[in-house]
Amino acid sequence: MSVPRPAAVIVLAAGEGTRMKSRTPKVLHELCGRALVDHMLASARDLGPEQLIVVVGHALERVTGHLSVTSPDARAVVQREQRGTGHAVRTVLEEVGTISGTVLVTYGDVPLLRTQTMAELLERHATEGNAVTVLTAEVPDPTGYGRILRDESGAVLAIVEEKDATAEQRAIKEMNSGIYAFDGDLLADAVKRVSTDNAQGEEYLTDVLGILRGDGHRVGACVAADFVEVEGVNDRVQLAAARKLLNRRLLERHMRAGVTVVDPDSTWIDVGVRIEPDAVIHPGTQLHGDTVIEPGAEVGPATTLTDTFVGEGAVVRNAVCDNAQIGPQVSVGPYAYLRPGTVLGRGSKAGTFVEMKNAKVGERSKVPHLSYVGDATLGDDVNIGASTVFVNYDGVEKNHTTVGDGAFVGCDTMLVAPVTVSPGAYTAAGSVITDQVPPGAIGVARARQRNIEKWVLRRRAGTKSAAAAERALAEQEQQEKNQ
């Protein structure tokens, strides 16, 4: 299909969205890692328009600030007073001038609209030589939408808003999506003639169709294949429904590309996530931001990854990872927490109830369980015993710990930073290490054990412990007599 490049795409995003009942402007509410308006702009951008224009109004500074970061290629036009869709388009043309060529007008709250559907609208518009072509859809419940009125031949006569429709017109199932392809020159003239003679006293863009038809121009329509694409998001219920539909669409795309998603109903994914073929995503997994899953990796169950890289063949189970780099063949979890700055080398392990932050772990190094590793560099082939804590914070500064290649850190060791355990060194279990341990040495930093005989019998008389001790002592005495 040869699709003409539109001269402009105008995205209407000035409304307040009162039904969202939120301090956040409606078009900035997110689903699948992207704001509503950004979904629309991404789809429109793929059409290659000469101009990409967003009409803004409510919460002007927040919306324009957001667009300056996410869509610097889009031009913001301010609609100071929200007096209808026709007024919004007229505001654009008064600022930028007449736009010759095809002008596509759409909305900032239709996140499911595909580029392909808009391309079909543009192709129909060009093929039929229409002055305007409206994107329509047959919906089970058209409540809230404008209805399409056709003549006996099927040509579009007009669009009537629900507030102005008769009971017979409200029964019509074909609805107006609010998305149009216009001849730019004709639009510039007709939009100036839109009246406010309606229930809301607003300038409806839909009235342009009647004006152009009255001028003798052709008005056409293109029916969308799937009505859910053109459904707007007006409240939190519709936002959740759109999120579910888009999430399913994203997961199906990955599955058809060779990714195994064990349970799509419990798996959630953002649009920026990349998953390579032969990766396996287990139930209860959430993948956010710019997360990347390499081939053969397994993620989940019950795992949340945000802006995290998972290398080929790695396994991440029951974990929360944020801005972490997990190398090939790495094992993470269950119940691990990897915080920003964590880098795990090939074949390493961050095991059960392990937390890491700003830690670089070398190849084949192991932190199997019950440990905290913060602000540290671990070489290759390091073993960290259970209940080890990298004591990195002194109340003012975060300090660094270095553990060299092949070092062995005993269980329940406190490494008080800044400190170095040199290559090939050991630390004894239960030590508090405050000074460098030289290569090949063992650091022992603990008091010698002292036993106070029969302390329990004297200080805890009458307890279960005392009774057990008495029995054991009696047995011991009897064994000694028998020898």
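None of these values were measured; they are calculated from a predicted model.

J.: Honestly, the overall build of the chain in this entry has me stumped. Any pointers?
T.: A tally of regular secondary structure across the chain gives ten helices and 37 strands. Its C-alpha atoms give the chain a radius of gyration of 33 Å, more than 25% over the compact-globule value 23 Å for 483 residues. Expressed as lengths along the three principal axes of its C-alpha atoms, the size of the chain is roughly 120 × 50 × 45 Å. Of all 483 residues assigned to the chain, the portion counted as buried reaches 46%. Look at the contacts in the chain between residues 6 or more apart in sequence, and 40% of them connect residues 24 or more apart. Surface accessibility of the chain: about 22900 Å² in total, with carbon and sulfur atoms responsible for 47%. Positive and negative charge centroids in the chain, built from 50 and 62 side chains respectively, lie 8 Å apart.

J.: Sorry if this is basic, but what is going on with the nonpolar core here?
T.: Soluble globular proteins: nonpolar side chains tend toward being buried together. Formed by 56 residues in total, the largest nonpolar core has its most connected members in I326, M356 and L378. Counting only elements with at least two residues in this core, the list comes to α8 (236-256), β22 (319-322), β25 (336-338), β27 (349-361), β28 (366-378) and β34 (419-421). Shared between two domains, this core holds at least three residues of each, these being domain 1 (8-229) and domain 2 (258-443). Ignoring any residue separated from it by four or fewer positions in sequence, one finds I326 in contact with T308, F309, V310, G311, A314, V316, C321, V332, L338 and L344. Of all hydrophobic cores here, the second largest spans 35 residues; its members include V55, Y180, F182 and L187.

J.: Help me understand the pairing of β28 in this model?
T.: It is a general feature of regular strands that their side chains alternate between the two faces of the sheet. Two elements, β27 and β28, share ten bridges in a ladder whose sense is parallel. For K349, the partnering residue across the bridge sits in β28 and is K366. By the bridge criterion, three bridges tie β28 to strand β31 (residues 401-403) in an arrangement that is parallel. Bridging from a neighbouring strand, T377 pairs with T402 of β31.

J.: Help me out: how do you make sense of the layout of surface pockets in this one?
T.: Gaps left between atoms show up when a probe the size of a water molecule is rolled over them. Put simply, the largest pocket is a space of about 1300 Å³. Lining the largest pocket we find 41 residues, and of these R19, K26, T85, Y107 and N234 sit closest to its centre. Mapped onto the lining of the largest pocket, the elements with two or more residues apiece are α3 (85-96) and β10 (174-183). Split by residue class, the lining of the largest pocket holds 13 nonpolar, 19 polar and nine charged. If you trace the second largest pocket, you find 15 residues lining it, with R34, S43, L113, R249 and R253 closest to the centre. For the lining of the second largest pocket, the secondary structure elements donating two or more residues are α1 (36-45), α4 (115-128) and α8. In terms of residue class, the lining of the second largest pocket is built from six nonpolar, four polar and five charged.

J.: When you look at a nonpolar patch on the surface in this model, what are you seeing that I'm missing?
T.: On the surface, a cluster of nonpolar side chains totalling about 380 Å² of accessible area is made up of F408, Y426, I442 and V444. Mapped onto the secondary structure, V444 falls in the loop between β37 (442-443) and α9 (455-459). According to the relative accessible area criterion, V444 is exposed, its value standing at 53%.

J.: Help me understand the UniProt feature "domain: MobA-like NTP transferase" (unreviewed entry) in the chain, please; the structure alone is not making it clear to me.
T.: Under the present numbering, the feature "domain: MobA-like NTP transferase" (unreviewed entry) in UniProt falls on residues 9-155. Along residues 9-155 one finds 32% helix and 24% strand; the C-alpha atoms at either end are 25 Å apart.

J.: Help me understand the packing of aromatic side chains, please; the structure alone is not making it clear to me.
T.: Aromatic rings in a pair are described by how distant their centres are and how their planes are angled relative to each other. Per the counting criterion, the structure on display carries three aromatic pairs. For the ring pair Y180 and F182, a centre distance of 5.5 Å and an interplane angle of 40° mean the geometry is tilted. When sorted by exposure, Y180 lands in the same class as F182, which is buried. Seen in terms of ring centroids, F408 and Y426 are 4.9 Å apart; in terms of plane orientation they differ by 20°. Their pairing is stacked. Linking F408 in strand β32 (residues 408-409) with Y426 in strand β35 (residues 426-427), this pair joins segments that are 18 residues apart in sequence. The class of F408 is partly exposed, set by a relative accessible area of 33%. The ring of Y393 has K398 sitting right over it, with the charged end atom 5.4 Å from the ring centre.

J.: Would you take a moment to explain a positive patch on the surface for this structure?
T.: Taken together, the side chains of K454, R458, R459 and R460 present a region of like positive charge at the surface. For R460, the location among the structural elements is in the loop between α9 and α10 (464-482).

J.: For this particular structure, what's the right way to read the domain arrangement of the chain?
T.: When the parts of a complex come together, some accessible area is lost, and that lost area is often taken as the interface size. By the assigned domains, the chain splits into domain 1 (8-229) and domain 2 (258-443). When each unit is reduced to the centre of its C-alpha atoms, the spacing between domain 1 and domain 2 is 49 Å.

J.: Mind showing me how you'd approach the pattern of salt bridges here?
T.: Proximity of charged atoms lets side chains of opposite charge pair with each other. Using the criterion set out here, one finds 24 salt bridges in the structure. A salt bridge links E128 to R124, with the nearest nitrogen and oxygen atoms 3.8 Å apart. In this pair, E128 and R124 both sit in helix α4, four residues apart, roughly one turn of the helix. What makes E128 partly exposed here is its relative accessible area of 29%. Residue R124 is classed as partly exposed on the basis of its relative accessible area of 30%. Between K357 and D375 there is a salt bridge, with its nearest N and O atoms 2.6 Å apart. Pair noted here: K357 is in strand β27 and D375 is in strand β28, with a separation of 18 residues, a long-range link. You'll find K357 and D375 in the same group, each marked buried.

Cut-offs applied
- Residues numbered from 1 in each chain as written.
- Predicted model: local features only at pLDDT ≥ 70, side-chain atom pairs only at ≥ 80, totals over all residues.
- Heavy atoms only, no water.
- Helix = DSSP H or I, 4+ residues; strand = E, 2+ residues; numbered from the N terminus.
- Rg over C-alpha atoms; globule rule 2.2 N^0.38 Å.
- Buried < 20%, exposed > 50% of the residue type's maximum accessible area, 1.4 Å probe, protein only.
- Contact = heavy atoms within 4.5 Å.
- Areas by Shrake-Rupley, 256 points an atom, 1.4 Å probe, with all protein chains shown as cover.
- Lys, Arg positive; Asp, Glu negative; His and termini not counted.
- Charge placed at Lys NZ, Arg CZ, Asp CG, Glu CD.
- Core = buried A, V, L, I, M, F, W, Y, C linked by side-chain atoms within 4.5 Å.
- Domains from an automatic or database assignment.
- Pairing = 2+ DSSP bridges.
- 1 Å grid on protein atoms, 1.4 Å probe; cavity = no way out; pocket = protein on both sides within 12 Å on 5 of 7 lines; lining within 4 Å.
- Points joined across faces, edges and corners; volume = space filled by probe spheres on them.
- Nonpolar A, V, L, I, M, F, W, Y, C, P; charged D, E, K, R; others polar.
- Patch = residues over 30% accessible without salt bridge, like charges linked within 9 Å, V, L, I, M, F, W, Y side chains within 5 Å.
- Salt bridge = Lys/Arg side-chain N within 4 Å of Asp/Glu carboxyl O.
- UniProt positions renumbered as here; feature names shortened; annotations may be inferred.
- Phe/Tyr/Trp six-rings, centres within 6.5 Å; stacked < 30°, edge-to-face > 60°.
- Lys NZ or Arg CZ within 6 Å of the ring centre and 35° of its normal.

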